[in-house]
Number of protein chains: 2
Amino acid sequence: MPLGLLTDLYELTMAAGYVAAGKDREKATFELFVRRLPPGRNYLVAAGLRQAVEYLLRLTYSEEEIAYLQALVAFQNAPAGFWEALRNFRFTGDVFAVPEGTPVFAGEPLLTVRAPIVEAQIPETYLLATVGFQTMVASKAARVVQAARGKAVVEFGTRRAHSPEAGVLAARAAYIGGCIGTSNTEAGFRYGIPVYGTAAHSWVQSFATETEAFEQLQNLLGSSTVYLVDTYDAVEGTRHAARLGSPLWGIRLDSGDLEEQSRAARRILNEAGLTEAKIMASGDLNEARIRRLEQAGAPIDAYGVGTELSTSADAPALSVVYKLAEIQRNGERRFGVKLSSEKETVPGVKQVFRHCDHDVIGLVWECPGCGSDQSPEPLLRPVILRGEPVEEWPELRVVREKAKAAVSRLPEACQSLEAGSEPYRVEWSEELRGLEAQVRAGLRKAES
Amino acid sequence: MPLGLLTDLYELTMAAGYVAAGKDREKATFELFVRRLPPGRNYLVAAGLRQAVEYLLRLTYSEEEIAYLQALVAFQNAPAGFWEALRNFRFTGDVFAVPEGTPVFAGEPLLTVRAPIVEAQIPETYLLATVGFQTMVASKAARVVQAARGKAVVEFGTRRAHSPEAGVLAARAAYIGGCIGTSNTEAGFRYGIPVYGTAAHSWVQSFATETEAFEQLQNLLGSSTVYLVDTYDAVEGTRHAARLGSPLWGIRLDSGDLEEQSRAARRILNEAGLTEAKIMASGDLNEARIRRLEQAGAPIDAYGVGTELSTSADAPALSVVYKLAEIQRNGERRFGVKLSSEKETVPGVKQVFRHCDHDVIGLVWECPGCGSDQSPEPLLRPVILRGEPVEEWPELRVVREKAKAAVSRLPEACQSLEAGSEPYRVEWSEELRGLEAQVRAGLRKAES
């Protein structure tokens, strides 16, 4: 997979400009964070950090890619040193990240990149698309799983994902967010995620009768058979399945009034003595519809969620940004700040200090609240130091368990599916407030 | 890029089942279409068909992938013939497709796959995610471009796309839909799409003053310099840019009230004698916001559109499906139909016949309206025959021009940004209606 050019052109023109301006020895620190929680969300679940780090460790330029850039108007004045920088490109900096599966909030850095400015600038676009997307889907999955109140949720959304590869990554993120698995076979192969699936409507259609289709499926799948019963009529389909009896796992309903149909199906299965047979529901489900089904006491044992999950349909993008926090030249520090309306940023390299019921965003060199009885947990940890990966990645299964436990420890209002009247408390340290005031004052002076 | 497993598990279990049931010699025809237009859309622009075809021509299974499947519970009863089928997998069927850039409507097949049932079933998931995503983005782009009334629109959305690869494909689709280019350098490299970009806020922040940052950018980019002026204050920033004078392309506004700021910027540039300098606007733009700016007569010369375009934020998924239309065994034809509530499908292999102001969906062997003065244009054309590609792909530039012309020929109500009170007329041929009635009647008989 080519990586070098998978970035916005302006990252590369800036890189050329940094070299031209003699700034390429300057060390920049960028922070990746979400500006605002999307409507209805009270927390996010960090994900995609592993793919971000793997990208940084593999990022290089081929001669063909360099030749393509050399032909562009934008690089006609680019200095020779820029082409050398691309030819020898290797990420040599440090990266700090919040572990995948950690609940995070607006303004909290999920990823901090400190490197020579060219190396830190170019990855912006890829890092945003990687961390933003997976964090968005993991966060959506956590909501869907919460609505299902302990019942299994399987991710079914690759077909409506934004490209097949997005489907694989959505499956990964949904698993981190609490799904028990995915229909995406590549995600199973690549990441060891449990995979699920039996047969679609086309299976039923391809046989002369539904009963013949069901018999053949039972022959193949035995006790893991799931009959998709709604190709022609869900009640009739359930009867056809019930008539075949064991072995089976159960049936799947994929259209219509799922509450009514699940009750009818449960009766039919019970009357046939198949009290152990399960009912799975799918078809345009999301957290709100699942909650309604659960509140109504629909006899559904498992949910399949597709489009809404793989696209985070009610909030299909996070306001994720990658902002310059600090720049160092010859030991002198300068702080990045942006004052654009509604897009302000806060200067300085930050750490997130998690207390039991709130977070404090402070500067990386301080430790607000440390030394008290309960020292807070700093969320950002080194994952790359001087271009070398720091440690092995945990198994995704473990990430998922940790995420589940962490979400369950959030304040109750925060776990609600509605936007909280009591949002999770995220404060700034006094030192961070002080630095911001100082930097803004300095800027006004420099430009006046 | 691995492809074989990039599908839903149930496609593979069905494939195993088809072999087990002795159905693998049956030839199936599947049709890919969009069930309903998303809210607010009057038409779609077909895209992604090239990637769909390239996938089919490259789809194979490695031994490692096969070994992964063999270890899954779902395949414990799979027949030896299934593993042979995967080992020798090569798509040998026929594919018909609506050319990229063609306006299409609900229910119209965009892609028809006719092949031995195993070969036709397995690609479902990948084809849906490929064609659905790009068609969605091309359709969104057409609306955004329409709102801009002839002014240039550049796609800026990779950072918020659903993974970096989705960003590359979104750039391609947005170009087909009418954007003049993209910020995504890989899309430029891979598809020859014009690329745009100069510098971000971090460029300005990295220098001690905005003026120094602007000077350095001008040195690098000369007459293609675009000053991003809103890092600290858009009006002040525009003054700093104006003071530097020519050469420049213009300035970019990325936050705040774009109408007010563009007027202020225009005045400042004109007063400095820079009447030729352009103003580009970006920042959470979509077709509605662009239309408002255009209606207000804001002096904006070009638009950059990111998140809303790459995610089709107001309609982030199409109801795209891949349904069995027909199955042939020993020369006998059977038609696929689905009666699930709100998810019905229509049997038979179809063709879309485009007349000057309406379409007729008919059966592939008929030609409703042919022989009259103005013969309709059949939209689906062969792109793969017996596993071999039929012709060269047109240049994307040509696809884009054709799309533009075709959209401009749609009825005026259809080109509106609001959902039409007069939707585009899509009829069924009498023969298609007849077949549907016949198949439904036959089904009731078979199951009773």
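Residues numbered from 1 in each chain as written. Chains lettered and ligands numbered in written order. Predicted model: local features only at pLDDT ≥ 70, side-chain atom pairs only at ≥ 80, totals over all residues.

Right, let's get into the overall build of chain A. Secondary structure assignment for chain A yields 17 helices and 19 strands. When each of the 448 residues of chain A is scored for burial, the buried share is 56%. (Helix = DSSP H or I, 4+ residues; strand = E, 2+ residues; numbered from the N terminus. Buried ≥ 20, exposed ≤ 12 C-beta atoms within 10 Å, placed from the backbone.)

On to the sheet that holds strand S15 (residues 358–363) of chain B, then. Residue and element names in this part refer to chain B. Ordered in space as S16-S14-S15-S19, the four strands form an open sheet in which the pairing is mixed. Two strands bound the open sheet, and with one partner strand each, they are strand S16 (377–378) and strand S19 (425–428). Sheet topology note: the strand S14 (residues 350–354)/S15 ladder contains five bridges and is antiparallel. Each bridged residue has a counterpart across the sheet, and for Lys350 the counterpart in S15 is Leu363. (Pairing = 2+ DSSP bridges.)

All names here are of chain A. Along the chain, the position of Ala413 falls in helix H16 (residues 412–415). Look at Ala413 and you get partly exposed, because 13 C-beta atoms sit within 10 Å. In this structure, Ala413 is in contact with Gly420 and Glu422, ignoring residues within four places of it in sequence. (Contact = placed C-beta atoms within 7 Å.)

Trans is the common state for peptide bonds, and a negative phi is the common state for residues other than glycine. Residue and element names in this part refer to chain A. Omega for the peptide link from Ser246 to Pro247 comes to -5 degrees, which places this bond in the cis form. Tracing the sequence through the fold places Pro247 in the loop between helix H11 (234–244) and strand S9 (250–253). Of note in the backbone geometry, Arg386 takes a positive phi value of approximately 50 degrees without being a glycine. Along the chain, Arg386 falls in the loop between strand S17 (381–385) and strand S18 (388–389).

Quick look at the pairing of strand S6 (residues 152–155) of chain A now. All names here are of chain A. Pairing between S6 and strand S11 (residues 302–305): four bridges, direction parallel. Looking at S11, one finds that Val153 is bridged to Tyr303. In terms of strand pairing, S6 meets strand S7 (residues 181–182) through two bridges, oriented parallel. Bridging from a neighbouring strand, Glu155 pairs with Thr182 of S7. Taken together, S6, helix H7 (residues 164–176) and S7 constitute a β-α-β crossover, and its handedness is right-handed. (Right-handed = clockwise from strand over helix to strand, strands pointing away.)

The interface of chain A with chain B comprises 95 residues on the first partner and 95 residues on the second. Residue composition of the side of chain A that touches chain B, grouped by class: 45 nonpolar, 34 polar and 16 charged. (Nonpolar A, V, L, I, M, F, W, Y, C, P; charged D, E, K, R; others polar.)

Residue and element names in this part refer to chain A. Look at H11 against helix H12 (residues 258–271): their axes get within 9 Å of each other, and the N-to-C directions meet at 25 degrees. By the angle between their axes, H11 is roughly parallel relative to H12. Of the two elements, H11 crosses H12, and the hand of that crossing is right-handed. Between H11 and H12, the residues in contact are Ala234, Val235, Thr238, Arg239 and Ala242 and Gln261, Ala264, Ala265, Ile268 and Leu269, respectively. Of the residues contributing to the contact of H11 with H12, the split by class is seven nonpolar, two polar and one charged. (Axes fitted to C-alpha atoms, helices over the stretch in contact; angles between N-to-C directions. Parallel < 35°, antiparallel > 145°, perpendicular 65-115°, else oblique. Left-handed = near helix turned anticlockwise from the far one by under 90°.)

It is worth spelling out the nonpolar core at this point. Grouped together as the largest cluster of nonpolar side chains are 289 residues, with contacts concentrated most on A:Leu32, A:Leu111, A:Ala141, A:Ala174, B:Leu111, B:Ala141 and B:Ala174. Look past the residues within four positions of A:Leu111 in its chain and what remains in contact with it is A:Leu32, A:Leu49, A:Ala52, A:Val95, A:Ala97, A:Leu127 and A:Val131. (Core = buried A, V, L, I, M, F, W, Y, C linked by C-beta atoms within 7 Å.)

This brings us to the relation of the copies chain A and chain B. Overlaying chain A with chain B gives an RMSD of 0.0 Å, the required rotation being 180 degrees about an axis along which the chain moves by 0.0 Å. Put plainly, the chains are arranged around a two-fold axis. Mapped onto chain B, 100% of the interface residues of chain A are again interface residues, and the two copies thus contact each other with one and the same surface. (Least-squares fit on C-alpha atoms with pLDDT ≥ 70 in both.)

This next bit is on the sheet that holds strand S16 (residues 377–378) of chain A. Ordered in space as S16-S14-S15-S19 (chain A), the four strands form an open sheet in which the pairing is mixed. Pairing within the sheet leaves two strands with one partner each, and these edge strands are S16 and strand S19 (425–428) of chain A.

Look at H7(A): 19 Å from first C-alpha to last across 13 residues, which is about the 18 Å you get at 1.5 Å a residue. Note on H7(A): the residue one or two positions beyond its end, A:Gly178, has a positive phi of about 125 degrees. (Expected span 1.5 Å × (residues − 1).)

We now examine the environment of B:Leu49. Residue position: B:Leu49 is located in helix H2 (residues 49–58). On a C-alpha basis, the gap between B:Leu49 and B:Glu63 in space is 29 Å, while along the polypeptide they are 14 residues apart.

Averaged over all residues, the pLDDT of chain A is 95; the fraction at 70 or higher stands at 99%. Scored as a complex, the prediction yields pTM 0.97 and ipTM 0.97. (pLDDT = per-residue confidence, 0-100.)

Turning our eyes to something else, we now look at the domain arrangement of chain A. Residues and elements named next belong to chain A. Assigned domains within chain A: domain 1 (9–135 + 319–447) and domain 2 (137–310). Averaged C-alpha coordinates put domain 1 and domain 2 at centres separated by 38 Å. At the interface, 18 residues of domain 1 touch 20 residues of domain 2. Of all elements in the fold, only strand S2 (44–45), helix H6 (124–147) and helix H15 (396–409) reach the threshold of two or more residues within the side of domain 1 that touches domain 2. Ranked by the residues each element gives to the side of domain 1 that touches domain 2, the list is headed by H15, at six residues. Tallied by class, residues from the side of domain 1 that touches domain 2 come to nine nonpolar, five polar and four charged. (Domains from an automatic or database assignment.)

This brings us to the pairing of strand S3 (residues 94–97) of chain A. Residue and element names in this part refer to chain A. Of the two faces of S3, the one carrying Asp94 and Phe96 and the one carrying Val95 and Ala97 are both buried. Direction of pairing for S3 relative to strand S5 (residues 111–116): antiparallel, over a ladder of four bridges. Bridged to Val95 within S5 is Val113. With three bridges connecting them, S3 and S17 associate as antiparallel partners. The partner of Val95 across the bridge, within S17, is Ile384.

Our focus in this paragraph is the environment of B:Val95. In this fold, B:Val95 is placed in strand S3 (residues 94–97). Spatially, the C-alpha atoms of B:Val95 and B:Arg386 are 8.7 Å apart, while their sequence positions differ by 291 residues.

Residue and element names in this part refer to chain A. Every buried residue belonging to helix H4 (residues 80–87) is among Phe82, Ala85 and Leu86, and all of these are buried. Across the axial projection of H4, the buried residues extend over an arc of 95 degrees, all falling on one side. Looking at H4, the residues exposed on the side facing more than 90 degrees away from the buried face are Ala80, Glu84 and Arg87. On its buried face, H4 sits against helix H1 (9–20), helix H3 (63–70) and helix H5 (117–121). (Arc of directions from axis to C-beta.)

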